[in-house]
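# Analysis of the macromolecular model
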Amino acid sequence: MAALPDQLPDQPAEPLVEQPAERPVGRIRFMDRQRVNLDGFAVEDPGLGLVALRSPGDPAPSLVIQDGRVTELDGVAEPDFDSIDAFIARHGLDLAVAGEAMSLPDTAFAHRLVSPDVPRAEIIRLSGGATPAKLARVLALLRPAELGLAMTKLRGRRTPSNQAHVTNRLDDPLLLAADSATAAAFGFREVETTVPVLADAPSNAVACLIGASVASPGVLIQCSVEEALELELGMRGLTSYAETISLYGTEQVFTDGDDTPWSKAFLTSAYASRGMKMRVSSGAGAEVLMAGAEEKSMLYLEARCVALARAIGAQGVQNGGIDGASVAASVPGGLRELMAENLMAMMRNLESCSGNDALMSESDMRRTSRTLPIVLAGSDFVFSGFGSIQRYDNMFGPSNFNAEDIDDFLAMQRDWGIDGGLRTVPAGRIAALRREAAQACRAVYRHLGLADFTDEHVELAVDAAGSKDLGETDTLAVVGAAHAIREGGLTVVDVVAALDETGYEHVAEKIMDMARARLSGDYLQTAAIFDESLRVLSLVTDPNDYAGPGTGYEPAPARQAEIDAIRQARGVADLRAEQAASAAAGLLTPTGPATPGHDPRDVVIGVSPAVGRDVWRSLSGLTVPEVLGELLAGLEEEGCTGRVVRFSGTVDLGRIGLAAARLAGSGIGIGLQGKGTALIHRRDLAPLANLELYSVAPSVTPELYRLLGANAARHAKGGTPDPARNPYSDEAIEARYHTTVIALMALERAWVEPGAPAEELSRKGLQ
Amino acid sequence: MTAEPRRGAAIGGSGGSPPRDSTALSGRPVRELTLEAVRRGEIGLPDLRIHPDSLEAQAVVAERHGNPQLAANLRRAAELTVLGDDEVLAIYDALRPGRSTPAQLTELAASLAGRGLPRCAALVTEAAEVCERRGLTR
């Protein structure tokens, strides 16, 4: 881009829209620099499929049935059915309710989605008879809050859950094991891995299996790779679910994806035949990106995908844009469309694995805006891949939330009092699990002759926040290990035996428990996960029973406590201990009752009740003696003398400052609360009318305290000093310190004794 | 790997209760799948594979919970337990676009039907018909 002129033209400007090269004003230039403007925003264009909820190219819903056979589907007559139409027409619809569902007005249908008085089962029944175009029209009517309410009611499983991505740039097995254990500890019940180097896949599957099993029984493992290899890993028991079986909404793109509805249906059965859980993957944007949207809206095309998913017998759908999430997000109403996709799967009585797994914006606010409604509503899986590792290590591409955001997510769960599937893990437990996972993985690789890793490598993997912390590693060793796993026909039985023989019997037991639990097939039902007691939670065993306020899923007290107890939470006891650690013995000891001074250069520094008792460190990080030292030095610089007097009658700083002024020979006092707030007062003023005030205690520096002392002295001498300015900060000072302030004030309040005499404190050691 | 299904699985009533006396594809009762048995070298992959009767039991549960399509899938899966991995992958490939002639698909369907996989055979028959009409066969 050519440099823009610095000067505006002398002549009145033409309208900006006609002179795009003209330099915009500073306000616009400033706005242009914000991160959201790195995102791409598209003009709605139905011709390209760049339209979210409804396109002129979408067919009107229609369904004609003759002799029990669908002869017209959404405006297409049977002889013209494409392969997707044909499969849906033959397998996807409940013809017994079709008449009722198709004749129900769209708004009446939409009303039922939201109304708590219409049970989920009734929606499932009706939706079974509705065509893709019908459901798309109905869902396009829902406003955002209505989408949320419908999701709370319509998801299959009562208990929400979450899925993690666990990958790294190096396919390093020890780091994968440590990170998989970490993900399981945080509460993720599915772990999805993939590879930058396809040949490494078997090694990644083994490492993630070992790591997750160290931390928790029953975590489902997926290795997302090319279909034949993925199925092979599942057949050997190394993985336990699959979800990257892609469906598309137009026949052309489906064919470009090298599948037919029948090959996908067969593959779905193939996974089930090996006892593997499986869901399909679809979502807005895929057809647009392949220039094959055929002028249809994203929601309509996804309606076809979800109808097909149901028709082929998949138990669930991963949708909500997935890799195309940013395509949907680029058009008006795009985020509504993404959430409607999830709801579409729920209406078809399928598990929803609700996207949020691709970074859809450079803006933290936009990506939060995209994800939050789903987290609040609750889904079977609120993420179909929360990046539990750092962005740079996510070999799916960065997720919408990543390791950078885990603490944010935990705080959001707590803020809203909802269950997003995660929990806080004590730092010591994370360390112990990472160590055991990395060591167990190394032991198995060594025992099976796959690879030999050094002690140093184990230590690096345990401590690593990401693969960049590992330094140079031997990536050929990984390829070799993966090759040996694949060519040697290694199975989960070999992994179990190796764990057992290398001292990890309890981990081996967990994997055997899981292998046994899988054989009943209960986890092949819709929306199934294993909980940590290896109970299956699914649409069958844990059905969603939401029917309005006071019903449906509520975290059990123990789970709620997990959600609430984030590691950053502090109470008064924590603060008391922190303050006690800063106590300085022998400083600020009482020397007797304070008496009025007569020297015109006498200035009294009044301190709050807990100073020298329970409160020793102010919010700025300076100790109270350090603050007093600066104030006294400032007074002395201007030729005055300071005394330190503690007032136990009140915590109010105005009253403390005024009382100090009234004791002082000069009539000038300084008030100082233990937390660091300070002011200058004069004996003839009202309590709240001080001369100078430092209200933002966390930002006050030693130099500013010294200046306050000097200014107090100038007041004492009758001068009019230039008042010191409160330091300004654009940080969330209140968010950072308010909880501490509350605890500090509780400590102060505990020492209040109404009518208590003021006592002079020793100045010894303060300067 | 081809395994002969033997004894069936018993899924408790509504499908919500834990498995009792399920059996692996090999015929080994699930309760015998212990670490001790692994140590004795007795456990192979067929002992960790799901039995077709368990899939049938799950199909019944899926039907009861409003998903006949999932039930149909689980019943196709029950049939596929008798096929080896390579054959399963080969059939999958045959159903992909442009891989098979209509005649080859018809032949495949007949073969599956003849070997006791009628549901899978029906799926292939349907694929042959529609894919030919849509130009998705070879």
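Keep in mind it's a predicted model, so treat the numbers as computed, not measured.

Time to look at the overall build of chain A. Scanning chain A from terminus to terminus reveals 29 helices and 20 strands. Across the 767 residues of chain A, 57% fall into the buried class. Put simply, 77% of the contacts in chain A that link residues at least 6 apart link residues at least 24 apart.

Time to look at the overall build of chain B. A tally of regular secondary structure across chain B gives six helices and zero strands. Starting at the N terminus, the α and β elements of chain B follow one another as α-α-α-α-α-α. Summarising the internal contacts of chain B: among those between residues at least 6 apart in sequence, 46% fall at separations of at least 24.

Strands pair in a sheet through their backbones, by hydrogen bonds, and they do so in one of two ways: parallel or antiparallel. Residues and elements named next belong to chain A. One open sheet accounts for four strands, arranged S7-S8-S9-S10; its pairing is parallel. Two strands bound the open sheet, and with one partner strand each, they are strand S7 (241–246) and strand S10 (351–353). Averaged over all neighbouring strand pairs, the angle between strand axes comes to 30°, with direction disregarded.

Now for the nonpolar core. The biggest cluster of nonpolar side chains holds 225 residues, and the ones touching the most others in it are Ala177(A), Ile210(A), Leu343(A), Ala440(A) and Val124(B). In terms of residue count, the dominant contributor to this core is helix H14 (residues 298–312) of chain A (12 residues). The residues contacting Leu343(A), other than those within four sequence positions of it, are Leu139(A), Leu147(A), Ala150(A), Met151(A) and Leu154(A). By size, the runner-up hydrophobic cluster in this structure holds 53 residues, among which are Leu628(A), Leu658(A), Ile670(A) and Tyr694(A).

All names here are of chain B. Positionally, Glu 42 belongs in the loop between helix H1 (35–39) and helix H2 (52–64). Look at Glu 42 and you get partly exposed, because 14 C-beta atoms sit within 10 Å. Distance from Glu 42 to Glu 32, taken between C-alpha atoms, is 10.0 Å for residues 10 residues apart in sequence.

Once that is clear, we can look at helix H22 (residues 492–501) of chain A. For H22(A), a buried count of nine out of 10 residues is recorded, marking the element as mostly surrounded by other parts of the structure. Where H22(A) is buried, its residues contact helix H9 (201–215), helix H19 (427–447) and helix H23 (505–518) of chain A together with H1 of chain B. Following H22(A) by one or two positions, Gly503(A) has its phi on the positive side, about 95°.

Another aspect to go through is the domain arrangement of chain A. You can read the domains of chain A as domain 1 (35–154 + 241–355), domain 2 (170–239 + 390–542) and domain 3 (576–761). With centres defined by C-alpha atoms, the gap from domain 1 of chain A to domain 3 of chain A works out at 66 Å.

Below, the discussion takes up the environment of His111(A). Residues and elements named next belong to chain A. As for its position among the elements, His 111 is in helix H4 (residues 106–114). Residue classification places His 111 among the partly exposed positions, given that 16 C-beta atoms sit within 10 Å. Considering only alpha carbons, one finds His 111 and Leu 142, 31 residues apart in sequence, at a separation of 8.7 Å.

Let us look at the sheet that holds strand S11 (residues 384–387) of chain A. All names here are of chain A. With respect to topology, four strands assemble into an open sheet ordered S6-S5-S4-S11, the strand pairing being parallel. Looking at strand neighbours, the two that pair on one side only are strand S6 (220–223) and S11, the edges of this open sheet. The average angle at which neighbouring strand axes cross in this sheet is 30°, direction not considered. Pairing of strand S4 (residues 163–165) with S11 involves three bridges; the strand directions are parallel. Following the sheet pairing, Ala 164 is matched in S11 by Phe 386.

Okay, the interface of chain A and chain B next. Counting residues at the interface gives 57 residues for chain A, matched by 51 residues for chain B. Here the element with the most residues in the side of chain A that touches chain B is helix H12 (residues 261–273) of chain A; it accounts for 10 residues. Considered class by class, the residues forming the side of chain A that touches chain B number 24 nonpolar, 19 polar and 14 charged.

Attention now goes to the pairing of strand S18 (residues 678–682) of chain A. Residue and element names in this part refer to chain A. For S18, the tally of buried residues reaches five of five residues, placing the bulk of the element in the interior. Residues Ala 678, Ile 680 and Arg 682 point to one face of S18 and Leu 679 and His 681 to the other, with burial holding for every one of them. The sheet contact formed by strand S17 (residues 668–672) and S18 spans five bridges and is antiparallel. The partner of Gly 671 across the bridge, within S18, is Leu 679. In this antiparallel pair of consecutive strands, S17 and S18, the connection spans five residues, and Gly 676 shows a positive phi of 115°. As judged from the three bridges shared by S18 and strand S19 (residues 692–694), these two strands associate in the antiparallel manner. What sits directly across from Ile 680, in S19, is Glu 692.

A few words on the domain arrangement of chain B. Residue and element names in this part refer to chain B. Along its sequence, chain B is organised into domain 1 (1–82) and domain 2 (85–138). Facing five residues of domain 1, the contacting portion of domain 2 comprises six residues. Taken together, the residues of the side of domain 1 that touches domain 2 sort by class into two nonpolar, no polar and three charged.

Quick look at unusual backbone geometry now. All names here are of chain A. Phi is positive for Asp 67, which is not a glycine, with a value near 50°. The topology assignment puts Asp 67 in the loop between strand S1 (63–66) and strand S2 (69–73). The phi angle at Ile 322 is positive, at roughly 50°, despite the residue not being glycine.

Averaged over every residue, the pLDDT of chain A is 94; the share at 70 or more is 97%. Under a pLDDT of 50 for its full length, residues 1–13 of chain A has, in the predicted model, five contacts with residues more than four places off or in other chains.

What follows is about the packing of H22(A) against H23(A). Residues and elements named next belong to chain A. One way to put it is that H22 packs onto H23 with a least axis distance of 7 Å and a crossing angle of 155°. Here H22 lies roughly antiparallel to H23, going by the angle between them. The handedness of the crossing between H22 and H23 is left-handed. Of the residues in H23, those touching H22 at Val 492, Val 495, Val 496, Leu 499 and Asp 500 are Glu 505, Val 507, Ala 508, Ile 511, Met 512 and Ala 515. The residue makeup of the contact of H22 with H23, split by class, is nine nonpolar, no polar and two charged.

Calculation criteria
Residues numbered from 1 in each chain as written. Chains lettered and ligands numbered in written order. Predicted model: local features only at pLDDT ≥ 70, side-chain atom pairs only at ≥ 80, totals over all residues. Helix = DSSP H or I, 4+ residues; strand = E, 2+ residues; numbered from the N terminus. Buried ≥ 20, exposed ≤ 12 C-beta atoms within 10 Å, placed from the backbone. Contact = placed C-beta atoms within 7 Å. Pairing = 2+ DSSP bridges. Axes fitted to C-alpha atoms, helices over the stretch in contact; angles between N-to-C directions. Core = buried A, V, L, I, M, F, W, Y, C linked by C-beta atoms within 7 Å. Domains from an automatic or database assignment. Nonpolar A, V, L, I, M, F, W, Y, C, P; charged D, E, K, R; others polar. pLDDT = per-residue confidence, 0-100. Parallel < 35°, antiparallel > 145°, perpendicular 65-115°, else oblique. Left-handed = near helix turned anticlockwise from the far one by under 90°.

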